[in-house]
Amino acid sequence: MTEHATERLELPVQGMTCASCANRIERKLNKLDGVQATVNYATEKAAVSFDPATVDPQLLLETVEAAGYHATLPAAAGAATGAEAQAEDGDPTRALRQRLIGSTLLSIPLLLISMIPPLQFDSWQWLALQLATPVVFWAGWPFHRAAWQNLRHGTATMDTLISLGTLAAWVWSVVALFFLGAGDPGMRMPFEVVLDRGASTDHIYLEAAGVVTTLILAGRYFEARAKRRAGAALRALLELGAKDVAVLDADGGERRIPIEQLQAGDRFVVRPGERVATDGVIEEGSSAVDQSLLTGESLPVEKRAGDEVVGASVNAGGRLVVRATKVGADTALAQIARLVEDAQTGKAQVQRLADRISGIFVPIVLVLAVATLGFWLGAGDGAAFSFSAAVAVLIIACPCALGLATPTALLVGTGRGAQLGLLIKGPEVLESTRRIDTIVLDKTGTVTSGRMDLQQVVLAPGVDRLEALRLVGALEDASEHPIAQAIARAAGAEVGALPPVEGFANREGLGVEGVVDGHALVVGRPALLAEWAMPLDDEQQRALTAAQAEGRTVIAAGWDGAARALLVVADTVKPTSAEAIARLRALGLRPVLLTGDNRATAEAVAAEVGIDEVIADVLPADKDAEIARLQDEGRVVAMVGDGVNDAPALARADLGLAIGTGTDVAIEASDLTLVSGDLRGAADAIRLARRTLRTIKGNLFWAFAYNVILIPVAVAGLLNPLFAGAAMAFSSVFVVSNSLRLRSFRAQRDAVPTAS
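Bear in mind that the values here come from a model prediction, so they are computed numbers and not experimental data.

Engineer: Describe the packing of helix α7 (residues 158-179) against helix α13 (residues 383-396), naming the residues involved and giving the relevant values.
Structural biologist: With their axes 8 Å apart at the nearest point, α7 and α13 run at an angle of 155 degrees to one another. Classed by the angle they form, the pair α7 and α13 counts as roughly antiparallel. Considering how the two elements wind past one another, α7 and α13 form a crossing that is left-handed. Here α7 contributes Leu161, Leu164, Gly165, Ala168, Ala169 and Trp172 to the contact with α13, which in turn contributes Ala383, Ala384, Phe387, Val391, Leu394 and Ile395. In the contact of α7 with α13, the residues fall into eleven nonpolar, one polar and no charged.

Engineer: Quick one: what's the story with the nonpolar core, residue by residue and with numbers?
Structural biologist: Trp124, Trp170, Ile204, Tyr205, Leu206, Ile216 and Ile396 are the most contacted members of the largest nonpolar core, which has 56 residues in total. Counting residues per element, the ones that place at least two in this core are α4 (82-115), α5 (124-139), α7, α8 (206-230), α12 (349-378), α13, α26 (680-715) and α27 (721-740). With near-sequence residues (within four places) excluded, Tyr205 lies in contact with Ala169, Trp172, Ser173, Ala384, Phe385, Phe387 and Ser388.

Engineer: If you had to explain the environment of Leu96 to someone new, which residues and values would you point to?
Structural biologist: Turning to its location among the elements, Leu96 is positioned in helix α4. For the pair Leu96 and Phe222, spaced 126 residues apart in sequence, the C-alpha to C-alpha distance is 9.5 Å. The residues contacting Leu96, other than those within four sequence positions of it, are Leu217, Arg220, Tyr221 and Ala224.

Engineer: Tell me about the sheet that holds strand β2 (residues 35-40), and please be specific about residues and values.
Structural biologist: Strands sit in the order β2-β3-β1-β4 across an open sheet of four strands; the sheet is antiparallel. The two strands at the open ends of the sheet, each matched to only one other strand, are β2 and β4 (70-71). Examined bridge by bridge, β2 and strand β3 (residues 45-50) share six bridges and lie antiparallel to one another. Each bridged residue has a counterpart across the sheet, and for Val39 the counterpart in β3 is Ala46.

Engineer: Residues and numbers for the pattern of salt bridges, please.
Structural biologist: Summed over the entire model, instances satisfying the criterion amount to 29 salt bridges. Arg271 is the partner of Glu254 in a salt bridge, and the nearest nitrogen-oxygen pair spans 2.8 Å. Taken as a pair, Glu254 in strand β6 (residues 254-258) and Arg271 in the loop between β7 (267-270) and β8 (279-284) lie far apart in primary sequence, 17 residues in all. Overall, Glu254 belongs to the partly exposed group, its relative accessible area being 37%. When its relative accessible area of 32% is taken as the criterion, Arg271 is described as partly exposed. Between Asp678 and Arg680 there is a salt bridge, and its shortest N-O distance comes to 2.8 Å. Each of the two residues, Asp678 as well as Arg680, counts as buried. Via salt bridges that share partners, Arg590, Glu613, Glu626, Arg629, Glu633 and Arg635 belong to a single interconnected network.

Cut-offs applied
Residues numbered from 1 in each chain as written. Predicted model: local features only at pLDDT ≥ 70, side-chain atom pairs only at ≥ 80, totals over all residues. Heavy atoms only, no water. Axes fitted to C-alpha atoms, helices over the stretch in contact; angles between N-to-C directions. Helix = DSSP H or I, 4+ residues; strand = E, 2+ residues; numbered from the N terminus. Parallel < 35°, antiparallel > 145°, perpendicular 65-115°, else oblique. Left-handed = near helix turned anticlockwise from the far one by under 90°. Contact = heavy atoms within 4.5 Å. Nonpolar A, V, L, I, M, F, W, Y, C, P; charged D, E, K, R; others polar. Core = buried A, V, L, I, M, F, W, Y, C linked by side-chain atoms within 4.5 Å. Buried < 20%, exposed > 50% of the residue type's maximum accessible area, 1.4 Å probe, protein only. Pairing = 2+ DSSP bridges. Salt bridge = Lys/Arg side-chain N within 4 Å of Asp/Glu carboxyl O.

Shown next, in the form of structure tokens:
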């Protein structure tokens, strides 16, 4: 299967109740030739890569159906209207809530009369039967239905354990009521925390059957709600886009159309307070644009004609006319959502281990429950005690928490990252962030702005600054060179409109010449001025030497027969870069500056931001070789870059971080993307990834510990089935709730750097 022929689908899957369900669907799909599938219980999706030439998508759906579940193609799943989709999404939670309310109303009096002897009136046990029966069979129907479907396919899941446990307790109780004397009017039953090994055969377990069903329903309901909250960040992201747009016709008139009808090249209007409909370029107007929901930036960004804007950002100021450049799936919002979905669908190695354990866990538990029953009966203990111990084993061993430990944390962590403009590509990235000890930063566009700016103007005696900027700026405005444009931009901002130029000439590699307001100007290298007999005086020569020692570029300007000004230009360091380096150091990372610039320039920038180690004069093609060299020295390297020439190095590094304002190639090659372009986001991204990894490991520890500790307790006959049900439900709720704590993660862009 060649890479270019591979198609990828995300199939919504219905009917999964635990990690072993997801594991079974995954195994079935992966048995198909040319298919690679990952099924995620938390997101309830199957991510499938396949060759459409050999595999029909319908076959994928049939395979899922054959495993006992239901899947739909994404187009069909997305065909419903927004209101219908919301209703469908809410159905599982609503149905669970109805069953939970009904079972709770019946289980509370059932529990009270079963556990408090003074409340047990004559024939109370027959009322208990009437209370317990609808709970077991109506409220618990989802468990029994799933268990029956699993049985038809020759498999078992946690639903099998719950169904067997609750039905066994109900059946035993009915048998005891009708045939073993438990139905006598005067029968009384004491409350037991620990099972009574001498319990008589007239002991009934209706309260266990009813209350365990209610507790597990409660656990599943809160789990479903928490999973919806876990995915809320991504849903909010997807709902950010505008629903309609005011398009400009050729005659200048406006008409409002649904966003789906907007095409690349269309011109549309964005009024104050409105969302930008799609990615585009501003053609008219200027305004502050709030991009916080996409990039995490706290302040609106000033935009004017010629600047790019992204869809879903909010126009905070004036009226804008924008020409659409990307629509639909090509927009930045769609790409971000796709990256986050891909990350949430993937699985870390530790999750694959948990899935494998869940896959074999249920059959082992069934054997263990039968063995427990047989052992205690063989040891001469009562049938009631032996039966209770076996039921407790069935209920306590449900591996729900194991299946939720990793995907819920990943769901919340990546969703929260998307809200902050930090995109984590996949679960494998989390492990990389824990191990890195060195972070290599590209200079241009990463530590610096990547745009030349006028830093200083050194004037000869008697020369007026504004006059010098007006003349030089006018001549440089006629040139396309980035340095010339930096000078023209600064001059225009300071003096306003620039005069016209006559006789403009470009001297390749030296500078430009021309006439402005009757003055013959020469602007460029000092060597060009020397050709025109306008050498620099001693003061100007000292200023030139000092600026060059700091790694800055100096442009000389002369007119009327003498050198009149020096203009110092440099790629300015981003105002947040020094703070970002301090934060990276606080995380235990060793920063390294990597650049193709000369050493003097590189060391000047490094000194300004607090970097001690500099690698300069590196050709673009050799950047990845430098990363490999650092790795050969035993370092675990992260790389931050933004340009096309950074892509090989980003791919080579143990962890690649792309500046989101950079090129698509760099973003594609990276593991983490900082959408805002703020280097401080690198520290936030690493902190978030590390915290997500810690949450996953904490979840897995408690999920494993819960089973390892309590299964032996149940086997030993020391655990009442009632408390087993409560513990099992609590373990799932605990794991999901622990993951939800990641929603409180805050970026530290404005805080004092601290270690994490």
